[in-house]
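Listed below, chain by chain, are the residues.
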Amino acid sequence: MNEDLFAGDILDERDDLTLDELCQVCALETTHIVELVDEGILQPSGRERVSWRFSAVSVVTVKRSMRLRRDLGVNLPGVALALELMDEIERLQRRLDVSDRLTRGESPPPD
Amino acid sequence: MDFKDYYEIIGVEKDATQDEIKRAYRKLARKYHPDVSKEPDAEARFKEVGEAHDVLSDTDKRAAYDKLASGARSGQPFSPPPDWDAGFEFQGGGFRSGESGYSDFFESIFGQRMRGSAGPRGRTEFRSRGEDHHAKVAIDLEDAYKGATRSISLRNPEIDATGNLIYKDRTLKIKIPKGVKRGQKIRLAGQGSPGMGGGESGDLFLEIAFHPHPRYRIDERDVYLELPVTPWEAALGATLKVPTPGGSSVDLKIPAETATGSKLRLKGLGIPGSPPGNLFIEPLVVLPPANSESAKEVYRKMESELAFNPRSKLGV
């Protein structure tokens, strides 16, 4: 049992991780991250590698990509496609949740 | 622990060829991969399928398993059942590989042999690092406005002094800051499984989910409230008290000629953040029941005095 209160880091969309930091957090070699950038899976701000800045959510994207590659034997373009499609499904699901009221909105007519 | 029928788990016959096993496995792996699947028990199924494949795809292990299986049947008690699926938690990093991910059943047959060897395929690049853990944390909308603390139960594999694999349960109390939105990830560095051979511990990743709210719907940081209004409030305009998830209520001015389907924005009253979300009020015009003679009289009066045909554009 551990009664300490842990806070953790919120992984948000702000770009503030350098390439080195992202590698360290993900425990990966630089080449793996560069491959993901080349494939368009990660989109850092900044033009040159030294000025690349990654959002904190990239950590999740990197780990997901690595798992898909390893567990399902997908190559990088396949990973990119899978991630895009999953994002799209997530977006549609959210819209579906929001527009749900259109189908359940009107209360039944009183007898 | 129950006997596991690996053939049944993969969905092939006992005399399946290696190719048939591979094909069946690939299909199930895609279906239940925790990063892809929406099935609630995806993670447990993925592990089970992976374990079955690890045994059946290896001719030596398959032979050993077949020998053992000839005397047992699926579901028959073998000894106490494993409860790997407890709670939401699953072990990521390696969903399948690594000694820690296998069932007790697997460990009891192949455990001795696996330990000390290089371990199953994959994973070489961060073998000494502890596994990441993933957990979903469901909170109420109100928690996103105020912040909350949640307790999470985790189960970590550890090698004890005698070299046996044991599982240690622990509970972490975690602070959920205000302003989180659905799907947001929180990383707790070093709170995953401990590393092996002096390696770093893995991380714990929490994903925020919301319990469905009886009153509000949530989209990112925006919150929607359906507000029932009377026909006269909608027609003439009114100032109405509306609740907010933050706890206080606000006075909202509904303009005259408000229709169902319109949206009124209360800026910045959504989930806090920079920028904060908005609270959208969706008026829903509700008709009073015509359940008394006087109510019917009002409707008849409207019929005779208002020249109103909502179907004028339908061309009939």
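A quick note: this is a predicted structure, and the numbers were derived from the prediction, not measured.

Participant: Any chance you could explain the overall build of chain B here in plain terms?
Facilitator: Counting its secondary structure elements, chain B contains eight helices and twelve strands. Counting across all 316 residues of chain B, residues that qualify as buried make up 28%. Across chain B, contacts joining residues at least 24 apart in sequence account for 61% of those joining residues at least 6 apart.

Participant: Quick question: what am I supposed to make of the packing of helix H2 (residues 18-32) of chain B against helix H3 (residues 42-56) of chain B here?
Facilitator: Packed helices, taken two at a time, are described by their axes: the angle between them and the distance between them. All names here are of chain B. Two elements in contact, H2 and H3, have axes separated by 9 Å at closest approach and are oriented at 160 degrees. It follows from the interaxial angle that H2 and H3 lie roughly antiparallel. Here H2 and H3 pass one another in a crossing that is left-handed. For the pair H2 and H3, contact is made by Ile21, Tyr25, Leu28, Ala29 and Tyr32 and by Ala42, Arg45, Phe46, Val49, His53 and Leu56, respectively. In the contact of H2 with H3, the residues fall into nine nonpolar, one polar and one charged.

Participant: Any chance you could explain the interface of chain B and chain A here in plain terms?
Facilitator: The figure often quoted for interface size is the accessible area lost as the parts come together. Facing 37 residues of chain B, the contacting portion of chain A comprises 31 residues. Going through the elements one at a time, H2, strand E4 (165-176), strand E5 (185-188), strand E6 (204-210), strand E7 (216-219) and strand E8 (222-229) of chain B are the ones with two or more residues in the side of chain B that touches chain A. If you tally residues by element for the side of chain B that touches chain A, the top one is E4 of chain B, at six residues. Partitioned by chemical class, the residues of the side of chain B that touches chain A number 16 nonpolar, eight polar and 13 charged. As defined by bridge partners, strand E2 (residues 9-11) of chain A adjoins E5 of chain B across three bridges and the pair is classed as antiparallel. Across the sheet, residue aspartate 9 of chain A finds its bridge partner in E5 of chain B, namely arginine 187 of chain B.

Participant: Where do I start with the sheet that holds E8 of chain B in this structure?
Facilitator: Note on sheets: strands pair through backbone hydrogen bonds, and any given pair is parallel or antiparallel. Residues and elements named next belong to chain B. Pairing is mixed in the open sheet, where four strands are placed in the order E7-E8-E12-E11. Among the strands making up the open sheet, the edge pair consists of E7 and strand E11 (264-266). Looking at each pair of strands side by side, their axes are set apart by 30 degrees on average, direction ignored. Direction of pairing for E11 relative to strand E12 (residues 279-285): antiparallel, over a ladder of three bridges. In the sheet register, leucine 266 faces E12, and the bridge partner there is leucine 279.

Participant: What is the right way to read the pairing of E7 of chain B from this model?
Facilitator: Remember that side chains alternate between the two faces of the sheet whenever the strand is regular. For E7 of chain B and E8 of chain B, the ladder comprises four bridges, and the chain directions are antiparallel. Across the sheet, residue isoleucine 218 of chain B finds its bridge partner in E8 of chain B, namely valine 223 of chain B.

Participant: I keep staring at H3 of chain B and nothing clicks. Help me out?
Facilitator: Turn by turn, an α-helix covers 3.6 residues, leaving residues three or four places apart pointing in a common direction. For H3 of chain B, which comprises 15 residues, the first-to-last C-alpha distance of 21 Å matches the rise-based estimate of 21 Å (1.5 Å per residue) to within 8%. Counting buried positions along H3 of chain B gives 13 out of 15 residues, so the element sits mostly inside the fold.

Participant: Sorry if this is basic, but what is going on with unusual backbone geometry here?
Facilitator: All names here are of chain B. Proline 275 follows serine 274 through a cis peptide bond whose omega is 0 degrees. Note on placement: proline 275 falls in the loop between E11 and E12. Positive phi, normally seen in glycine, also occurs at glutamate 257, with a value near 60 degrees. In this fold, glutamate 257 is placed in the loop between strand E10 (249-254) and E11. Judged by local crowding, glutamate 257 falls into the exposed class, with 10 C-beta atoms found within 10 Å.

Participant: What exactly am I supposed to notice about the confidence of the model for chain B here?
Facilitator: For any part of a model where pLDDT is low, the fine detail of the predicted coordinates should not be relied upon. Residue and element names in this part refer to chain B. When the pLDDT values of chain B are averaged, the result is 81; 82% of them are 70 or greater. Within chain B, no element has a lower average pLDDT than strand E1 (residues 90-91), which sits at 40, and none a higher one than helix H7 (residues 231-236), at 96. Across residues 79-100, where pLDDT falls below 50, the model places 68 contacts with residues more than four positions away in sequence or in other chains. Low pLDDT (under 50) marks residues 112-127, which in the prediction has 16 contacts with non-local residues, meaning those over four places away or in another chain. With pTM at 0.68, the complex prediction returns an ipTM value of 0.74.

Participant: Sorry if this is basic, but what is going on with the nonpolar core here?
Facilitator: As a rule of thumb, soluble globular proteins bury nonpolar side chains together. Counting residues in each nonpolar core, the largest one holds 40 residues, and the members touching the most others are Leu22, Cys26, Ile33 and Val59 of chain A together with Leu206, Val223 and Leu279 of chain B. For this core, the element with the most residues is helix H1 (residues 19-26) of chain A, which contributes four residues. Lining this core are residues from two domains, each supplying at least three of them: domain 2 (128-211) and domain 3 (216-314) of chain B. Contacts of leucine 22 of chain A, omitting those with residues within four sequence positions, involve Leu17, Ile33, Phe54, Ser58 and Val59 of chain A. Of all hydrophobic cores here, the second largest spans 16 residues; its members include Tyr7, Ala29, Val49 and Leu56 of chain B.

Parameters at a glance
- Residues numbered from 1 in each chain as written.
- Chains lettered and ligands numbered in written order.
- Predicted model: local features only at pLDDT ≥ 70, side-chain atom pairs only at ≥ 80, totals over all residues.
- Helix = DSSP H or I, 4+ residues; strand = E, 2+ residues; numbered from the N terminus.
- Buried ≥ 20, exposed ≤ 12 C-beta atoms within 10 Å, placed from the backbone.
- Contact = placed C-beta atoms within 7 Å.
- Axes fitted to C-alpha atoms, helices over the stretch in contact; angles between N-to-C directions.
- Parallel < 35°, antiparallel > 145°, perpendicular 65-115°, else oblique.
- Left-handed = near helix turned anticlockwise from the far one by under 90°.
- Nonpolar A, V, L, I, M, F, W, Y, C, P; charged D, E, K, R; others polar.
- Pairing = 2+ DSSP bridges.
- Expected span 1.5 Å × (residues − 1).
- pLDDT = per-residue confidence, 0-100.
- Core = buried A, V, L, I, M, F, W, Y, C linked by C-beta atoms within 7 Å.
- Domains from an automatic or database assignment.

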